[in-house]
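Observations on the model geometry
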Amino acid sequence: QAKESGKGRYALFDREMYAQTLYLSQLETDLRFALARQQFILHYQPIIALATGDIVGFEALIRWQDPERGLVSPREFIKIAEDTGLIVLIGEWVLNEACRQLRAWQLKFSNASQYHISVNLASQQIKQPSLITIVERILKDTELDSNFLKLEITESTLMEEKETIMENFAQIKARNIKLSIDDFGTGYSSLSYLHSFPLDTLKIDRSFVSRMNANQENCEIVRTIINLAHSLGIDAIAEGVETPYQLEQLRKLGCKFAQGYLFAQPLDTQAVELLIASNPKW
Ligand code: C2E
Ligand code: MG
Ligand code: MG
Ligand code: MG
């Protein structure tokens, strides 16, 4: 009997594997068409300066508007887009759309004239030799000043192929484009390793911010990251701020920028325009 139930378990496992494989290959096929069919959209989440409570910019976050699946989160398709190499073309679309949209807002709203846009780059993009050519063409086409573009690279990506990444970083910095390290605290990079990169900001991973409750120990971790950023001469941005308590602690710890549901969720363009027009102060 034991043998039988064991067999049954394997059969079930195989069926699940099979369903998963089918799901992924269908997802890949659909993703291939999504660009051509203009099914991607960007949502934008405001980034706030804690000293003034003003919006200083937005992070562009991709979504996939699939006719059957509805609005699909990047968590469900970025990995497969990376595995298939599709991320390079999708990423180029994101860069262009984000720059175009920010330029439009800068022209439309006087309080948006100094906003920046943060764009997430996949590991394949930051290693792409043609990255700077692509970025320059996009900035020219969209008439966005390079100053207002910030590229986000995760800490784990920074740990790969340093030489290749460094070459692109140098080209990026030479054009005054900003660089931010995303999801910081999860990748075990050392102070000296970080110091060798020309970074402008560091984003404290949401996992650390969300654990900042009454627990003093977790606040200490965030304090350490903020101090690390400051000792590198760069600013820290806290991701995933959800509660007034977290905000209060972050202010006390001298964190200069924050982003999270407490201020706003990632918003569609219409909602962003209402937000900018209301010129909020937090
Ligand atoms: P990320 O770059 O770390 O972006 C922050 C994520 O945290 C976003 O999830 C955002 O919606 C979410 N978030 C923001 N504030 C809060 C909060 O207060 N609480 C909680 N629980 N979550 C919050 P999203 O939009 O689902 O994006 C997930 C990830 O997908 C991003 O993480 C980024 O790694 C990737 N991604 C998104 N757009 C792009 C893109 O255009 N290109 C690439 N390569 N990756 C992207
Ligand atoms: Mg990001
Ligand atoms: Mg992040
Ligand atoms: Mg994150």
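See above for the structure.
The structure contained in this document is the topic of the report that follows. Everything numeric here is computed off the predicted structure, so don't read it as measured data.

1. What about the nonpolar core?
Ile117, Leu149, Leu151, Phe169, Ile204 and Leu250 are the most contacted members of the largest nonpolar core, which has 84 residues in total. Looking at this core, the element that brings in the most residues is helix α3 (residues 87–108), giving eight residues. Once residues within four sequence positions are removed from consideration, Leu151 is found in contact with Leu95, Val119, Leu121, Ile172, Ile177, Lys178, Leu179 and Ser180.

2. Focus: the site of ligand 1
Taken together, the neighbourhood of ligand 1 is formed by 22 residues, with Arg63, Asn120, Asp182, Glu242 and Tyr261 sitting nearest. A distance of 3.0 Å separates a nitrogen atom of ligand 1 from a polar side-chain atom of Gln45. Here a nitrogen atom of ligand 1 sits 3.2 Å away from a polar atom, N or O, in the side chain of Arg206. Coverage of ligand 1 by the protein chains reaches 87% of its 800 Å² of free accessible surface. Here ligand 1 occupies the largest pocket. For the shell around ligand 1, the elements supplying multiple residues, two or more each, are β2 (55–66), α2 (74–83) and β6 (178–184). In terms of residue class, the shell around ligand 1 is built from nine nonpolar, five polar and eight charged.

3. Structural notes on the coordination of the magnesium ion (ligand 3)
Protein ligation of the magnesium ion (ligand 3) involves Asp182 (OD), Asp183 (OD) and Glu239 (OE), the donor distances falling in the range 1.7 to 2.5 Å. Separating the magnesium ion (ligand 3) from the magnesium ion (ligand 2) is a gap of 3.7 Å, which Asp182 spans by donating to each of them. In this pair, Asp182 sits in strand β6 while Glu239 sits in the loop between β8 (235–238) and α11 (244–252), placing the two residues 57 residues apart along the sequence. In this structure, Asp182 and Glu239 share a single accessibility class: buried.

4. Side note on the layout of surface pockets
Taken as a whole, the largest pocket encloses approximately 1200 Å³ of empty space. Mapped by element, the contributors of at least two residues to the lining of the largest pocket are β1 (40–49), β2, α2, α3, α4 (123–126), β5 (149–154) and β6. Classifying every residue of the lining of the largest pocket gives 14 nonpolar, 12 polar and 13 charged. The calculated volume of the second largest pocket comes to roughly 220 Å³. Contributing to the lining of the second largest pocket are 13 residues, with Val56, His116, Asn147, Lys150 and Lys178 lying nearest its centre.

5. With respect to the environment of Glu59
Relative to the helices and strands, Glu59 resides in strand β2. Residue classification places Glu59 among the buried residues on the basis of a relative accessible area of 5%. Placed 22 residues apart in sequence, Glu59 and Arg37 show a C-alpha to C-alpha distance of 24 Å. Leave out the neighbours within four places in its chain, and Glu59 touches His43, Tyr44, Gln45, Ile47, Ser118, Asn120, Glu152, Asp182, Lys203 and Gln259. Of note is the side chain of Glu59, whose polar atom sits 2.8 Å from the side chain of Asn120.

6. Side note on helix α10 (residues 216–231)
In a regular helix each residue adds 1.5 Å, so 16 residues correspond to 22 Å; α10 covers 22 Å between its end C-alpha atoms and thus fits that length. In this fold, the buried residues of α10 make contact with β6, α8 (191–195), β7 (201–204), α9 (206–210), β8 and α11. Phi turns positive one or two residues past the end of α10, at Gly233, with a value near 80 degrees.

7. Observations regarding unusual backbone geometry
Here Gln38, not a glycine, exhibits a phi torsion of approximately 55 degrees, which is positive. Counting through the fold element by element, Gln38 comes out in the loop between α1 (2–34) and β1. On the accessibility criterion, Gln38 (71% relative accessible area) is exposed. Phi angles above zero are rare outside glycine, and Tyr188 is one such case at about 60 degrees. With respect to the element layout, Tyr188 can be found in the loop between β6 and α8.

8. A word on the state of the cysteines
Covalently bonding the sulfur atom of one cysteine to the sulfur atom of another cysteine gives a disulfide. The final tally for this structure, using the stated rule, is zero disulfides. As a non-bridged cysteine, Cys219 has Cys255 as the owner of its nearest cysteine sulfur, 12 Å distant.

9. Notes on the side chain of Thr142
Counting through the fold element by element, Thr142 comes out in helix α5 (residues 131–142). With relative accessibility at 10%, the residue Thr142 sits in the buried group. With sequence-adjacent residues up to four places away left out, Thr142 is seen in contact with Asn96, Cys99, Arg100 and Arg103.

Reading guide: rules and limits
- Residues numbered from 1 in each chain as written.
- Chains lettered and ligands numbered in written order.
- Predicted model: local features only at pLDDT ≥ 70, side-chain atom pairs only at ≥ 80, totals over all residues.
- Heavy atoms only, no water.
- Core = buried A, V, L, I, M, F, W, Y, C linked by side-chain atoms within 4.5 Å.
- Buried < 20%, exposed > 50% of the residue type's maximum accessible area, 1.4 Å probe, protein only.
- Helix = DSSP H or I, 4+ residues; strand = E, 2+ residues; numbered from the N terminus.
- Contact = heavy atoms within 4.5 Å.
- Near = heavy atom within 4 Å.
- Polar contact = N/O pair within 3.5 Å; in protein donor to acceptor, adjacent residues only side chain to side chain.
- Areas by Shrake-Rupley, 256 points an atom, 1.4 Å probe, with all protein chains shown as cover.
- 1 Å grid on protein atoms, 1.4 Å probe; cavity = no way out; pocket = protein on both sides within 12 Å on 5 of 7 lines; lining within 4 Å.
- Sits in = over half its atoms within 2 Å of the grid points.
- Nonpolar A, V, L, I, M, F, W, Y, C, P; charged D, E, K, R; others polar.
- Donors = N, O, S within 2.8 Å, 3.2 Å for Na, K, Ca; no water.
- Points joined across faces, edges and corners; volume = space filled by probe spheres on them.
- Expected span 1.5 Å × (residues − 1).
- Disulfide = S-S within 2.5 Å.

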